[in-house]
Amino acid sequence: MAVAAKQEGCERILILGGTSEARTLAEKLHGEGHHVTTSLAGRTTDPALPVGETRIGGFGGWEAMAAYLVQRQFTRVIDATHPFARRISENAIKASAKAGIPLQQIIRPRWQKMPGDRWKEVRTLEEAAEAIPGGATVFLALGRQHIDVFATRSDCRFVIRMVDEPESALPISDYALVIGKPASDPECEVNLLSAHGVTHIVARNSGGPAGYAKIIAARKLGLPVIILERS
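**Observations regarding the side chain of S206**
Line of reasoning, step 1. For S206, the position within the fold is in the loop between β10 (200-204) and α7 (212-221).
Line of reasoning, step 2. S206 sits in the buried class, given a relative accessible area of 11%.
Line of reasoning, step 3. Not counting residues up to four positions away in its chain, the partners in contact with S206 are H82, P83, F84, R108, W111 and R230.

See the structure below:
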């Protein structure tokens, strides 16, 4: 009887993922007997795959997403994307409304400034680029799609961390590449920043534990952080 009740309450759930929260949620819902599909943007070559089905790549706009929701007969959508993935979140709102399917949003709390933090808060990447002092050695941990705006700062040197090797040349004239995911140990981040002579950090206020070690490292080293806040 317990199994029958579990199957009777089974939902078809689409998770918009790519975050640790999405993977945890997929595992939980799958364990409860729901049919779970997680959608990933496909920006990394070897993503951590969640439990259940996965689809990789964009939908082609909110109308195409709405059609996908109806075609696959989903009963619920959960937006567990990165806090700065604004476009997919906006499309999810429109698509779920069009398809008549409930939407749940999981919003990761942002990091809070702590004693010893030297933050300059900005609202746009353009403001971040302008806030960098001349001659600085800047650590960028923003992703390939967010670094073009810094090409105008030819008076600075950049240390750029990316999960995968870039497929094409970067527009920045003076830079060093660090390939890999952020370290969870602040001391590893301290060593990385010190080895490259970093004087400033540009980061997004993503929240969560995954990227927080660099913020702790900046605090330990007394480095200024130009931090992009959420709009």
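**Points about the sheet that holds strand β1 (residues 12-16)**
Line of reasoning, step 1. Judged by pairing direction, the sheet is parallel, and its five strands sit side by side in the order β3-β2-β1-β4-β5 without closing on themselves. Across the chains shown, the open sheet's two edge strands, defined by having one partner strand only, are β3 (53-56) and β5 (103-105). Averaged over all neighbouring strand pairs, the angle between strand axes comes to 20°, with direction disregarded.
Line of reasoning, step 2. Contacts between helix α4 (residues 86-99) and the sheet are confined to β1, β4 (76-79) and β5, with β5 contributing the most and set at about 155° to the helix.

**Some points on α7**
Line of reasoning, step 1. Among the residues of α7, Y212, A213, K214, I215, A217 and A218 are the ones counted as buried.
Line of reasoning, step 2. Lining the buried residues of α7 we find β6 (118-122), β7 (137-140), β8 (157-162), α6 (186-195), β10 and β11 (224-228).
Line of reasoning, step 3. A positive phi of about 70° marks G222, the residue just after α7.

Analysis parameters
- Residues numbered from 1 in each chain as written.
- Predicted model: local features only at pLDDT ≥ 70, side-chain atom pairs only at ≥ 80, totals over all residues.
- Heavy atoms only, no water.
- Helix = DSSP H or I, 4+ residues; strand = E, 2+ residues; numbered from the N terminus.
- Buried < 20%, exposed > 50% of the residue type's maximum accessible area, 1.4 Å probe, protein only.
- Contact = heavy atoms within 4.5 Å.
- Pairing = 2+ DSSP bridges.
- Axes fitted to C-alpha atoms, helices over the stretch in contact; angles between N-to-C directions.

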